[in-house]
Each structure stands twice: as C-alpha cells, then as structure tokens.
Amino acid sequence: MTEEKNAHIIHITGHNPHRKLIVVGGMHGNEINGVEAIKRLIPQLEKVLDKTNGTIYFLKGNLQALQTGERFIEQDLNRLWLEDNIQKPVGQVADFKALHTLHDLIVNDICQGKFEQCSFLDLHTFSAQSGIFAIPACNQKSIDFAKSFGVPFIEKLSESLPGTALSYFGRLGMTSVVFEGGTHRSAEATDNLEAGLWHSLAYLGFIKPDLPQVVKSRSHLEKISESLPHHLELIYRHKLNDYHRFKMNDGYFNFKPVKKAENLAVQNQSVIKSPESGFMLMPLYQKKGSDGFFIVKEK
Ligand SMILES: [Zn+2]
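Just so you know, these numbers come straight off a predicted model, no measurement behind them. Each chain has its residues counted from 1, following the order in which its sequence is written. Owing to the predicted nature of the model, reporting of local features is limited to residues with pLDDT of at least 70; listing and counting of side-chain atom pairs is limited to 80 or more, with chain, interface and lining totals taken over all residues. Each side-chain value is derived from all of the structure's non-hydrogen atoms; neither hydrogens nor water enter the calculation.

**Thoughts on the side chain of Asn62**
Here is the rule: In this text, helices come from DSSP runs of H or I with a minimum length of four residues, and strands from runs of E with a minimum of two, each type numbered from the N-terminal end. A simple rule labels every residue: compare its accessible area, found with a 1.4 Å probe on the protein chains alone, to the largest value its type can have, and call it buried under 20%, exposed over 50%, or partly exposed in between. Every residue pair with non-hydrogen atoms within 4.5 Å of one another is taken to be in contact.
Examined against the element boundaries, Asn62 turns out to sit in the loop between β3 (55-60) and α3 (63-68). Taking the relative accessible area as the measure of exposure, Asn62 reaches 0% and is therefore buried. Ignoring any residue separated from it by four or fewer positions in sequence, one finds Asn62 in contact with Gly26, Met27, Arg71, Phe72, Leu77, Asp95 and Ala98.

Below you can see the structure in the form of structure tokens.
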C-alpha cells in the first residue's frame, strides 16, 4: 500500500475476502461528523465483530479539505467521479489527487473487480437545520439498503447528480448508499451517523442484529424520523454554476413543505420560485456548493 493510500485508511477489520464494506467519512472536508462517528464506533465494533463475516474498510475522503475544514479545495470531490476525470493523469489539485487515490484503493486494491461482493456507504451531513435521509444508487440492492434504515429515502436523486461516488460505485454493481446524518458539526449528526453505521453493519450481515447497539440504534433512527415522509423521489434539482450568486431565503429545512411558485431564493438579483409543490431538501446555507436546493415528493 502506498503512503498516499495509507493516509486515507482509518481502520481495516475482519478477514473474509468474500464480503466487503467500504465506509467513507469526510468526502466533503467540512463534514467531520462521519469521521467522528467511525472513530467512536471502531473500539466498540472490535468487541462484537465476528471477523470471519467479512472485511470492513473505514476511509477518509478529501484529506486536504478535512485538514482545512472546507467542503473542497478547488472542486467538489463528490462531483468528480466521472470516467473522464478518472482517466486523466493526476494534477496538483488536491481534490483530484483524492479522487485518484481513493479510486485506485477502492476499485483495484479492495474490490479487485468483484463489485457484487462490495458495499459502499458514504457518510454525509448538510448545512440545513434538521432532517435525516438516505440516498440509494440506481440499482435494486441499493434501494433496499437505503429503505432499510427506516428514515426517509430518496429515489432518482443519484441519477440527477453527475459525478458522485454513490452513482459511480452503483454503476459498477456495488450496493451503494449515501447516509445524510444531520447538520454539519452538530452532536446529533455524529450520534445519527453512528446509529446508521450499527444498522448498516447488521443489515449487511457483518454483525448480529440482536446486539444491544443495533437494537438501540434502530429505535433511535425510527424515533427521530417518525414525523417525516419516508419514501420520496426527486422532482427538481436547482443546479448552481456559480454559488457566489445564490442566496437561499431563511427558514428552510429538510422536508419543509413548499408550494408551487413559492419564493425560495435570490440568484443574480432574480427571485427563484419553486417549480412544483413538494418538500424542500438540502437548502444551501453554506459558502460552497453545486446545488441550491432540491424538491422531492412522496412516492
Ligand atoms: Zn456531503
């Protein structure tokens, strides 16, 4: 393993080569909760994991952005997972270096072409004030996994976001899910992401489902999402070419109902209205981003 790859590895555990799980925290450098949840889980996991069940790889995403606490350095790592970018030689841009190192580590070293045996779980947080949800890649195994968390899960979102690791690994045939645990840097987000990890490890067959941590985590996820809609699909993405010119109106949060033609934001001095009625998702309240907001509706 090269030094570059080693720097991404938080921990590897288990020794069954036929079933693998890759967990990434900090694909966005300002989202430290994923790395925190992983670090909190590991010592407890080591006590209950039957190492013959599979191998689990806990990784860090955008290393340099994690160090500076920014979402990305020059380009959003979670919009770079496109064949063109992967084929290009490594430049000096930190986000591209992270892409190439992670790609080589996951695709070649870990999965070794056997993608159907591999699952990918990408831990994220968001800038809005509340909510929790899962996003599956576009294959049935991923949809089943996302649904299993018991929190809102959103179909058709991965297809509308080009260049996510989620979609890239889903297309390779992996079970691939993003788990969005809460507001950036909140204590709740780390708790929620850790609960999601316990659930995932049991759902994917790495640990026993009757472990106290799993039972507690599943009831926690159920409780915090009981008032939220559960099965949703994307109906609109407000893509941004220049996030400097976008200002979301105050007061929006995940799953807040919105009406068609409601004023949502201001962009280039023009009012942005909702094109449809539905629920707000991921309104942008941070400096950097490639999407202003999404509208989802119940399926
Ligand atoms: Zn993120």
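There is more to say after this.
**Digging into the sheet that holds strand β12 (residues 270-273)**
Cut-off, in case you're wondering: If DSSP finds at least two bridges between two strands, the strands pair. Geometry is summarised by axes, namely lines fitted to C-alpha atoms with helices restricted to the contacting stretch, and by angles between N-to-C directions that run from 0 to 180 degrees.
Pairing in this open sheet of three strands is antiparallel, and the strands run β9-β11-β12 from one edge to the other. Each edge of the open sheet carries a strand with a single partner, namely β9 (246-248) and β12. With direction set aside, neighbouring strand axes in the sheet form an average angle of 30°. One ladder, built from four bridges, connects strand β11 (residues 263-267) with β12; its direction is antiparallel. In the strand pairing of β12, Gln267 is matched with Ser270.

**Details of helix α9 (residues 187-203)**
Definition in use: Here, expected helix span is obtained from the residue count minus one, scaled by 1.5 Å.
Its 17 residues place the ends of α9 25 Å apart at the C-alpha level, agreeing with the 24 Å of an ideal helix rising 1.5 Å per residue. Burial analysis of α9 places 13 of its 17 residues in the buried class, the great majority of the element. A positive backbone phi angle near 85° is found at Gly205, which sits one or two residues after α9.

**Focus on the domain arrangement of the chain**
To keep things clear, this is the line we draw: Source of the domain bounds: an automatic or database domain assignment. By definition here, a salt bridge exists when the distance from a side-chain nitrogen of Lys or Arg to a carboxyl oxygen of Asp or Glu is within 4 Å. Each polar contact in these results corresponds to two N or O atoms within 3.5 Å; when the atoms are within protein, one needs to be able to donate a hydrogen and the other to accept it, and residues that are neighboring in sequence are counted only if both atoms are side-chain atoms. When residue character is reported, Ala, Val, Leu, Ile, Met, Phe, Trp, Tyr, Cys and Pro are called nonpolar, Asp, Glu, Lys and Arg charged, and the others, Gly included, polar.
The domain boundaries assigned to the chain delineate domain 1 (3-224) and domain 2 (232-298). Computed over C-alpha atoms, the centres of domain 1 and domain 2 are 25 Å apart. The tally of links from domain 1 across to domain 2 stands at three salt bridges. Run the count over domain 1 and domain 2 and you get 13 residue pairs in polar contact (both at pLDDT 80 or more). Breaking the side of domain 1 that touches domain 2 down by element, the ones donating at least two residues are β5 (133-136), β6 (153-155) and α7 (157-160). The class makeup of the residues in the side of domain 1 that touches domain 2 is 13 nonpolar, six polar and seven charged.

**Some points on helix α10 (residues 212-224)**
The condition that has to hold: Note that the arc is computed from the directions linking the helix axis to the C-beta atoms.
For α10, which comprises 13 residues, the first-to-last C-alpha distance of 18 Å matches the rise-based estimate of 18 Å (1.5 Å per residue) to within 8%. Within α10, the full set of buried residues consists of Val214, Ser217 and Leu221. For α10, the buried positions fall inside an angular range of 65° around the axis, keeping them on one side. Of the exposed residues in α10, the ones pointing more than 90 degrees away from its buried face are Pro212, Lys216, Glu222 and Lys223. Packed against the buried residues of α10 are β7 (175-183) and α9.

**Examining the pairing of β11**
Sheet topology places β9 next to β11; three bridges connect them, and they run antiparallel. Across the sheet, the residue bridging to Met248 is Ala265, located in β11. The turn joining β11 and β12, which pair antiparallel and follow one another in sequence, is formed by two residues; a positive phi near 50° is taken by Asn268.

**Remarks on the pattern of salt bridges**
Counted under the stated rule, the structure contains 16 salt bridges. The residue Glu194 makes a salt bridge to Arg40 at a minimum N-O spacing of 2.8 Å. Highlighted residues: Glu194 in helix α9 and Arg40 in helix α2 (residues 33-48), separated in sequence by 154 residues. In this structure, Arg71 and Asp76 form a salt bridge, with 3.7 Å as the shortest nitrogen-oxygen distance. On the basis of relative accessible area, Arg71 is assigned to the buried category, the value being 12%. The network of salt bridges with shared partners includes Glu155, Lys156, Glu233, Lys297 and Lys299.

**Describing the coordination of the zinc ion**
Our working rule: With water omitted from the atoms examined, metal sites may look incomplete; donors here are N, O and S atoms no farther than 2.8 Å from the metal, or 3.2 Å in the case of Na, K and Ca. In short, tetrahedral needs four donors with all angles between 85 and 135 degrees, square planar needs four and octahedral six donors with opposite donors over 155 degrees apart and all other angles between 65 and 115, and whatever is left is irregular.
Every protein donor of the zinc ion is accounted for by His28 (ND1), Glu31 (OE), Glu31 (OE) and His124 (ND1), and the metal-donor separations fall at 2.0 to 2.4 Å. Given four donor atoms and angles of 55 to 141° at the metal, the environment of the zinc ion is assigned as irregular. In primary sequence terms, the donor set of the zinc ion follows H-x2-E-x92-H. Here His124 lies in strand β4 (residues 118-126) and Glu31 lies in the loop between β2 (20-25) and α2, a separation of 93 residues in the sequence. Among the residues examined, His124 registers a relative accessible area of 3% and is labelled buried.

**Overview of the pairing of β5**
Residues Phe133 and Ile135 line one face of β5 and the alternating positions Ala134 and Pro136 line the opposite face, and both faces are buried. Here β5 pairs with β7 via four bridges, running antiparallel. By the bridge assignment for β7, Ile135 is matched with Val178.

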